[in-house]
Amino acid sequence: MRSMFHSLANHAARLLMKLLFACVARVRVIRRENANHDGGFLLAANHISHFDPFIISSVVRRKIDWMAMAEFFPYPVLGFLLRAVDAFPADRHRADRTTIRTAIERLKHGRIVGVFPEGGIRDGARSLLEGAPMRPGASTLAHIAGAPIVPSVIVGSDRLYSKKSWLSLRRPPIWVAFGDPIPHFPNLEKSAARARIERELAAAFKILYAELRETFSLTPDDLPHPPRERMQVELPIEETARSHAPKLSGPRVRTFRRFTAIAVDSLMCTSMNVMQSRHRLHARSRDEFERYVAECEQLTAHDFYAVPRDCGLAGEIGDGATVTWRSPISTKFPANNIARADLFACARGWSAPTVLMLHALMSASDKGYRRWAARFNELGWNACFVHLPYHYSRVPRGYWNGELAITADLIRNAEGLRQGVIELRQLMAALRERGCREFGVLGTSYGGWIGALLAIVERDFRFLALMAPIVNVEHAIWESPASAFMRRELHRAKIERSLVARHFHLSSPTHNQPLCRADCVLFVAGEFDLIARLADIEKIQQKWSGSELLRVPQGHFGYRMIRETIARLKERG
C-alpha cells in the first residue's frame, strides 16, 4: 500500500507539474534522453529558482527523488507532500549521515537522486555556471554509491518570479539541457576520483550553459537574475526584437506581495491546524481550566513570572557554547524540563550587552539565528539563542518541534509561556552576575509574544525588537485561521471566551504595560499578516506610548522582516 501511494502521488505530481508549466511557459529541452536511461544515477543541476526541481521533473520520464532543504520538512503539510513524492531532507550546512545513507540506498536500488551542488539558489558570479566552486557532496555520493552523474543546466526558470509570467497569455521560454553521464572512476584512488568528478562536472556545466546560449541565441536578460530583481521587473517576452521591460508600478508590486503573503500564510495555517489535530483536550475539562483560572486571578504578572531562588546558573556560563539547567517549572515531559541556551560570546566577554534571540513557534532551523549572532558579535554584543519550551533540544520523543507549545490544552499553553519567561529571567540574572548590565531581545511571533511578556517584568533593555508578536491573544484563539482546530475543541469542551479572558492579565501583552522604558520597544508588523494582524500591533504600539512601529510588506511568514528589523536597530544606534 505504501509503495502504491508513493507511485500514485508521484504520477499525480508529475502530471500536475507538466500541465501547469505547459500553461505558463514553453520548456525547450536538449538531449532529454540522457536523463531517461535505466539504472541509478545522480542528476546534478544548477539552481536559479524554487521552480527548478518541478520543471526538471516535468520533462524527465523517470521519477526523481530530490534532496530538499531540511527546513521544509518540520511543517506537517509541506513535509507530507515532499515525502509523498519521495523527496528527502538534506542539511545545506553540514554533511548528514542519514541523508547520505538515504541517497546511496536509493542509487543502489536503481533510482535517480536529484541534487543541487551549489547548495542553494545562485546567480551571477556566485553561480557554478560562471565558475564558482561547487560543494563536494555530489562527487562524494557518486564515488561511494558507484553511480554516474548526469549534469543538467536550466535557464529561464527565474522568470516565473514575476507575476506577469503567470498572468500573461504569452508564455516565456525556459531552457533545459542534459549532458552525458560522468562516470565515478572506480579505478582511481578516492580523493583523486572525487577531484576528477568535480572537474568534469564543472566543465560540463559550462559547456551546457554555452550550448544553451548559442543554440537559442540567449540575451543577457535571459540569463539568471536574482529572484528579488525578477520579482520587481516585467520580464521580456521572446519576440524577434527583445528589449528590457519597464519596472512594475508600486501598486502592482504591492498586489503581488499581498497575494503571495496570503497564500503562504494560508498554507502555514493549514499546516498548523493539521499539527493541532494530533492533540485534543483529553483530561483538560472545563472544570479543571476554571479552577486554574480562578487560582491565576489572585496573581499579578510579577507573581506569575516570579523567579525562584538562585539556581547556580551564573557559574555555568563560561567559554562554552551551551548552558543547560533544570527548569523551575516541571512538566510531564522530561525533555522539556531542561532549559537550554546556546551562547555566542563576543571579544569583550560577558560584561558586554547581550541579545536574547527568541524563535518562532515550530521554527524550522536555528542556522539563520546563528548567522545573526555572528553579526551581533561583530558589533560588540553577546548573543544567546534560547530554546523555548517544547522546541529544539526540548522536544519529547515522538513529537514535532514546537507542536506541544500551542494546542487546545490552554493550561499547557499558559504554563509554557510562564516557563519561557521565568527561564529568561533566570538567564538574565545569571548574566548580570557575570557583569552584563544591558540586554536586547530579538523575538519572532511566539518568541515575540514571550519577549513582550518579559518586558512587563524586566527593566534592563537597550532594545526589544518584537517581530510579528502575538499580542492579541483573544484573536489568536477565537479568530485566527491558524487555530480553527483549537476552537473546535474548546467549543466541544464548553470553554467560552469570557472564561479564557480571565487569564489575559497574565498572558496578553495588550492587557499590560511594560516595566521597561517603552521607547526601547520596536514593534514590527507584516502588512499582510493573517495571524499577528497589523491592526492589533498598531493598538499595542499606541498603548505602550513611546514605542515604535515598523511596517514590512510581507505576511506572518517571510525573511524580509528580520533584515529590515536589524537595519532599523542599527539606525537607532
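Scroll up for the structure.
Residues numbered from 1 in each chain as written. Predicted model: local features only at pLDDT ≥ 70, side-chain atom pairs only at ≥ 80, totals over all residues. Heavy atoms only, no water.

Considerations on the environment of Asp536
Then, number 1: Here Asp536 lies in helix α19 (residues 534-543).
Then, number 2: Residue classification places Asp536 among the buried residues on the basis of a relative accessible area of 9%.
Then, number 3: With eleven residues separating them in the primary sequence, Asp536 and Ala525 have C-alpha atoms 9.2 Å apart.
Then, number 4: What Asp536 contacts, discounting residues up to four positions off in sequence, is Val471, Asn472 and His475. (Helix = DSSP H or I, 4+ residues; strand = E, 2+ residues; numbered from the N terminus. Buried < 20%, exposed > 50% of the residue type's maximum accessible area, 1.4 Å probe, protein only. Contact = heavy atoms within 4.5 Å.)

A closer look at the sheet that holds strand β3 (residues 64-69)
Then, number 1: Pairing in this open sheet of seven strands is mixed, and the strands run β1-β7-β6-β2-β5-β3-β4 from one edge to the other. Because the sheet does not close on itself, it has two edges, and the strands there are β1 (26-30) and β4 (88-90). The mean angle between the axes of side-by-side strands here comes to 25°, regardless of whether they run parallel or antiparallel.
Then, number 2: Where β1 lies against strand β7 (residues 173-178), five bridges are found, and the strand directions are parallel. Residue pairing in the sheet places Arg26 in a bridge with Pro173 of β7.
Then, number 3: Along the sheet, helix α4 (residues 97-108) contacts β2 (41-45), β3, β4 and β5 (112-115); its crossing angle with β4, the most-contacted strand, is approximately 135°. (Pairing = 2+ DSSP bridges. Axes fitted to C-alpha atoms, helices over the stretch in contact; angles between N-to-C directions.)

Considerations on the pairing of strand β11 (residues 382-387)
Then, number 1: Most of β11 is tucked away: six of the six residues are buried.
Then, number 2: Alternating residues of β11 divide into Asn382, Cys384 and Val386 and Ala383, Phe385 and His387, and every residue in both groups is buried.
Then, number 3: Here strand β9 (residues 338-344) pairs with β11 via five bridges, running antiparallel. Across the sheet, Asp342 pairs through a bridge with Phe385, a residue of β11.
Then, number 4: When strand β10 (residues 354-358) meets β11, the two strands line up parallel, connected through five bridges. Residue pairing in the sheet places Leu356 in a bridge with Cys384 of β11.

Observations concerning the sheet that holds strand β14 (residues 521-526)
Then, number 1: Judged by pairing direction, the sheet is mixed, and its eight strands sit side by side in the order β8-β9-β11-β10-β12-β13-β14-β15 without closing on themselves. Every other strand in the sheet has two partners, leaving β8 (322-326) and β15 (548-552) as the edge strands with one partner each. When strand polarity is set aside, the average angle formed by the axes of neighbouring strands in this sheet is 20°.
Then, number 2: Taken together, the five bridges between β10 and strand β12 (residues 439-444) define a ladder with parallel strand orientation. Within the sheet, the bridge partner assigned to Leu356 lies in β12 and is Val441.

Side note on the packing of helix α13 (residues 410-433) against helix α14 (residues 446-457)
Then, number 1: Where α13 meets α14, the closest approach of the two axes is 10 Å, and the angle between their N-to-C directions is 60°. Looking at the two axes, α13 sits oblique to α14. For the pair α13 and α14, the sense of crossing is right-handed. Between α13 and α14, the residues in contact are Gly416, Leu417, Gly420, Val421, Leu424, Arg425 and Met428 and Tyr446, Trp449, Ile450, Leu453, Leu454 and Val457, respectively.
Then, number 2: Grouping the amino acids of the contact of α13 with α14 by side-chain chemistry returns ten nonpolar, two polar and one charged. (Parallel < 35°, antiparallel > 145°, perpendicular 65-115°, else oblique. Left-handed = near helix turned anticlockwise from the far one by under 90°. Nonpolar A, V, L, I, M, F, W, Y, C, P; charged D, E, K, R; others polar.)

Thoughts on unusual backbone geometry
Then, number 1: The backbone of Arg31 shows a phi angle near 55°, a positive value even though the residue is not glycine.
Then, number 2: If you trace the backbone, Arg31 turns up in the loop between β1 and β2.
Then, number 3: Among the residues examined, Arg31 registers a relative accessible area of 27% and is labelled partly exposed.
Then, number 4: Unusually for a residue other than glycine, Tyr390 sits at a positive phi of about 70°.
Then, number 5: Along the chain, the position of Tyr390 falls in the loop between β11 and α13.

Notes on helix α12 (residues 367-378)
Then, number 1: For α12, with twelve residues, the first-to-last C-alpha span of 17 Å sits near the 16 Å given by 1.5 Å per residue.
Then, number 2: For α12, the set of buried residues is Tyr369, Trp372, Ala373 and Phe376. Buried positions in α12, seen along its axis, are confined to an arc of 110° and lie on one side of it.
Then, number 3: The inward-facing, buried residues of α12 contact β9, β10, β11, β12, β13 (461-467) and α20 (560-572). (Expected span 1.5 Å × (residues − 1). Arc of directions from axis to C-beta.)

Regarding the state of the cysteines
Then, number 1: Summed over the entire model, instances satisfying the criterion amount to zero disulfides.
Then, number 2: Left unpaired, Cys384 is separated from the closest cysteine sulfur, that of Cys436, by 8.4 Å.
Then, number 3: Unpaired in this structure, Cys520 has its nearest cysteine sulfur neighbour in Cys516, at a distance of 3.9 Å.
Then, number 4: Overall, Cys520 belongs to the buried group, its relative accessible area being 2%. (Disulfide = S-S within 2.5 Å.)

Describing the side chain of Ser139
Then, number 1: For Ser139, the location among the structural elements is in helix α5 (residues 137-145).
Then, number 2: Its relative accessible area of 2% is what places Ser139 among the buried residues.
Then, number 3: Residue contacts for Ser139: discarding those within four places in its chain leaves Ile149, Arg194, Ile197 and Glu198.

Let's talk about the pattern of salt bridges
Then, number 1: Overall, the coordinates contain 34 salt bridges when judged by the stated rule.
Then, number 2: Between Glu290 and Arg502 there is a salt bridge whose closest N-O contact spans 3.9 Å. One end of the pair, Glu290, is in helix α10 (residues 286-296); the other, Arg502, is in the loop between α17 (497-501) and α18 (504-507), and 212 residues separate them in sequence.
Then, number 3: Notably, a salt bridge pairs Arg462 with Glu438, separated by 2.8 Å at the nearest N-O pair. Here Arg462, found in strand β13, pairs with Glu438, found in the loop between α13 and β12; they are 24 residues apart in sequence, far enough to count as distant.
Then, number 4: What makes Arg462 partly exposed here is its relative accessible area of 35%.
Then, number 5: Each of Lys63, Asp65, Asp86, Arg106 and Arg111 takes part in salt bridges that share partners, so that together they form one network. (Salt bridge = Lys/Arg side-chain N within 4 Å of Asp/Glu carboxyl O.)

Section: the packing of α5 against helix α7 (residues 190-215)
Then, number 1: Between α5 and α7, whose axes approach to 9 Å, the crossing angle comes to 125°. The pairing of α5 with α7 is recorded here as oblique in orientation. Note on packing geometry: the crossing formed by α5 with α7 is right-handed. In contact with Ser139, Thr140, Ala142, His143 and Ile144 of α5, α7 contributes Lys190, Ala193, Arg194, Ile197 and Glu198.
Then, number 2: Per-class residue counts for the contact of α5 with α7 are four nonpolar, three polar and three charged.

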